[in-house]
Structures are given as C-alpha cells and as structure tokens.
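# Architecture and fold: a report
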Amino acid sequence: MSVEETIAVRHGESFDLPNIEQYLREHIAGLDTGTLQVRQFPSGASNLTYLLQVGGWEGVLRRPPFGPVPPKAHDMERESGLLKKVYTVFSLAPRPYVFCNDTSIMDVPFYVMERKRGFVLNDAFPPDVTPSEELGRGISLTTVDTLVQIHGIDWQAAGLSSLGHPEGFLERQVKGWIERYTRAKTDEIPQVESLTRWLVNNIPQSPAPTLIHNDFKLNNMLFSLEDITKATAVLDWEMATIGDPLFDLAVSLCYWIQPDDSEDMRAVLPTVTTTPGFLTREQFIEAYARKSGRDISSMQFYMAFAYFKLAVILQQIYARWKHGQTQDARFEAFKTRVYTLVSHAAYLTEHNNV
C-alpha cells in the first residue's frame, strides 16, 4: 500500500535546518551520517508537525503554531513529558526523544519523538483499499479497544498523578465551555439558554477518574499499512489529562457519524464511519461498556455536552472570522455548523438516545 503522508514544508513554516541538525546530533544518540531532510505532515490545524530524516534515521518534530498563542496552550514540555511516561505503558503512544526550550535553536519550544508508521482515516479510504462490512467492523472494534486501553492505564503507577485535577472535573468542564461560548457569541441561537441550563442541572456523578486523551477520534489514530484494522499509533496528546472517561468516550463519538444522521450533521463531520460495517454510536457505547465494565446509563448527558463542546469550538473559530481576525473563507460556513450542533445537543436533552 502506497500512501503519501507528507508534503514539502509550507511557505512561512520552515526553520533553521543546520541549527536543528546540530542540536539533534548533540542530544539524540545514533543519528546516521548525512544531511537533515525535512517534510511536513499536512493534517491538523493546531500544532505543526514535521518529518525529520537523517540517512535511515527518522523522527517527528512538533512545535506550536506561528503567531501569538493563548497562555498554557500548545505546551510542548507538558506534552512531551506526558508521552515520556505514557509510551512505557501504552505501546501506541510515540516515544519522545528530546524536548528543547532554548529559543536560540528555534523561536519556540519544541520536541522530537519517534516516527510511527501508518495512515490516517479521514473522510475516505486510501485508493487501493476496498471498503467492506468486515473492514468497517474491524476498524470500529479496534477503536473501541484502543480507547478502553487508554482508560485502563494505571495512571498513578505511571507517574501521572500531577497531570490533572479529577475532583470536580465534569463541573469545571461544563462551566468552562459555557463561559467560552459566551465570550465567543456572535448570533442569537434560541436553544442555547435552555441547553446550557439543562447541562448545569443534570451533571451526573463521574466514574473513577482515568487518563483521558481528550481528543480521541479516528483521525488521531494511525492504522497499519499491512492490515487496516490494526492501530499503529495514537497521536496528538496535547490535551490529555486525568478526568472522566465517559466524557472522553462522548467527545470521541461526536465525531462518529452514522448513515442515518441528517445531511446537516454529515456535512459538519465528514468521516468514513458512514461506510457499511462500522458500528453505530449505540453499538460503540455498548462495546465500550462490555470491555470496560463501566456504567453508561448517563450517556444522554455526556453526548449532549460533547456536541455542545464541539459547537463552542466551531463558534470560537467562526467568531475569529466574523471579527476579521482570519480571512479563511472556509470559516464562514461554521455559523451554520454551530446551529446544527446546538440543535442536535438540544434534541438529545429531550430524547435519551445517541
């Protein structure tokens, strides 16, 4: 299977190669002879990721986006420190090689980690893959298993106790995302008031806290080039913390579209999960419950909240476009997507399904 994973480095997103190469040779053992070659991974709209090659050696460099970033966001030291502990107990997490906060090497902190091989599933399969029901079911079950494995990590034994504050996690999430929506509000959406009131008044008791990825979705995984039903990596651990595993499950599932979803919902979140054979969200939840042993009776709340959270994320981007802070014409359409997601979240508060 041939998959083109990288592109030439985009204009304005390059860095000083000789400087980086010298730093790598001083801090990473076993680099081959030869000159550093760099290409860029094109996906993602947050941190920037580059493929580094020196002879037969490969690594992946991650750095924050260019321009001003919010305080505590895009924390390379936190992410690399987390991976340093997680990769020893979870083989799908990349191993970090080195973290650097010396701005004479690069203008921002960055880290370099191992290169995991595989491909990303977005809204289409690779050209040489023929979708089938067996394939869809296999990928679905692998995704469920992977999330259960993350939530099953002994985070205290792994030295991750300082990573988050699990007490009151869900209450803080609800309050925080409502506040973010208020700050980013541009248009009146009548359902927001009743939806947010319902969320505040129906916060369930969280199960025992676990490590949560906090952005777990199909396109943050890599799948094997030899067997598409096998995962080779879980990427983008930037937002991982210790918290409510059912929140993590719901956030994952709000990206998991099924064939009977409305055209509006399918337009918001295009994905291969509409292909025959993929589990429905209900089947995904049931499989997760069987494998994890967790009570999923409160999923109505978690799903409504997850869709609201995604609506807020898109609203923040749309507000930047409306206020002229970005010229990207794609973001004009986010207004409609926010309406769609808020409407769906409100619907779930009245109908106990997913």
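As a starting point, this report considers the structure included with it. Remember, predicted model here, so these are calculated numbers, not experimental data.

### So, the nonpolar core
- If you look at the biggest cluster of nonpolar residues, it comprises 92 residues, and the most contacted ones within it are Leu 211, Trp 237 and Phe 308.
- Ranked by residues supplied to this core, first place goes to helix 9 (residues 299–322) with 14 residues.
- Those residues in contact with Leu 211, other than ones at most four positions away along the chain, are Leu 82, Val 86, Ile 150, His 151, Ile 153, Trp 155, Leu 160, Leu 163, Trp 237, Thr 241 and Ile 242.
- Tyr 23, Val 38, Val 54 and Trp 57 belong to the second largest nonpolar core, which has 21 residues in total.

### Remarks on the packing of aromatic side chains
- Taken as a whole and judged by the stated rule, the model has 15 aromatic pairs.
- Each ring, one from Tyr 23 and one from Phe 110, has its centre 6.0 Å from the other, and the planes form 70 degrees; the classification is edge-to-face. Residue Tyr 23 is found in helix 1 (residues 17–27), and its partner Phe 110 is found in strand 5 (residues 110–114); the two are separated by 87 residues along the sequence.
- Under the relative-accessibility criterion, Phe 110 is labelled buried at 0%.
- Looking at Arg 180, its charged tip hangs above the ring of Trp 177, at a distance of 4.3 Å from the centre.
- The residue whose ring lies beneath Lys 217 is Tyr 255, and the NZ or CZ to ring-centre distance is 4.5 Å.

### Let's talk about the sheet that holds strand 4 (residues 96–100)
- Here five strands make up an open sheet; going across it, the order is 1-2-3-5-4 and the pairing antiparallel. Strands with a single pairing partner mark the edges of an open sheet, and in this sheet they are strand 1 (37–40) and strand 4. In this sheet, neighbouring strand axes are inclined to one another by 25 degrees on average, regardless of whether the strands run parallel or antiparallel.
- In this structure, strand 2 (residues 48–54) lies alongside strand 3 (residues 57–63), joined through seven bridges in antiparallel fashion. If you follow Leu 48 over to strand 3, its bridge partner there is Arg 63.
- Packed onto the sheet, helix 1 meets strand 1, strand 2, strand 3, strand 4 and strand 5 and runs at close to 120 degrees relative to strand 4.

What counts, and where the lines are drawn
- Residues numbered from 1 in each chain as written.
- Predicted model: local features only at pLDDT ≥ 70, side-chain atom pairs only at ≥ 80, totals over all residues.
- Heavy atoms only, no water.
- Core = buried A, V, L, I, M, F, W, Y, C linked by side-chain atoms within 4.5 Å.
- Buried < 20%, exposed > 50% of the residue type's maximum accessible area, 1.4 Å probe, protein only.
- Helix = DSSP H or I, 4+ residues; strand = E, 2+ residues; numbered from the N terminus.
- Contact = heavy atoms within 4.5 Å.
- Phe/Tyr/Trp six-rings, centres within 6.5 Å; stacked < 30°, edge-to-face > 60°.
- Lys NZ or Arg CZ within 6 Å of the ring centre and 35° of its normal.
- Pairing = 2+ DSSP bridges.
- Axes fitted to C-alpha atoms, helices over the stretch in contact; angles between N-to-C directions.

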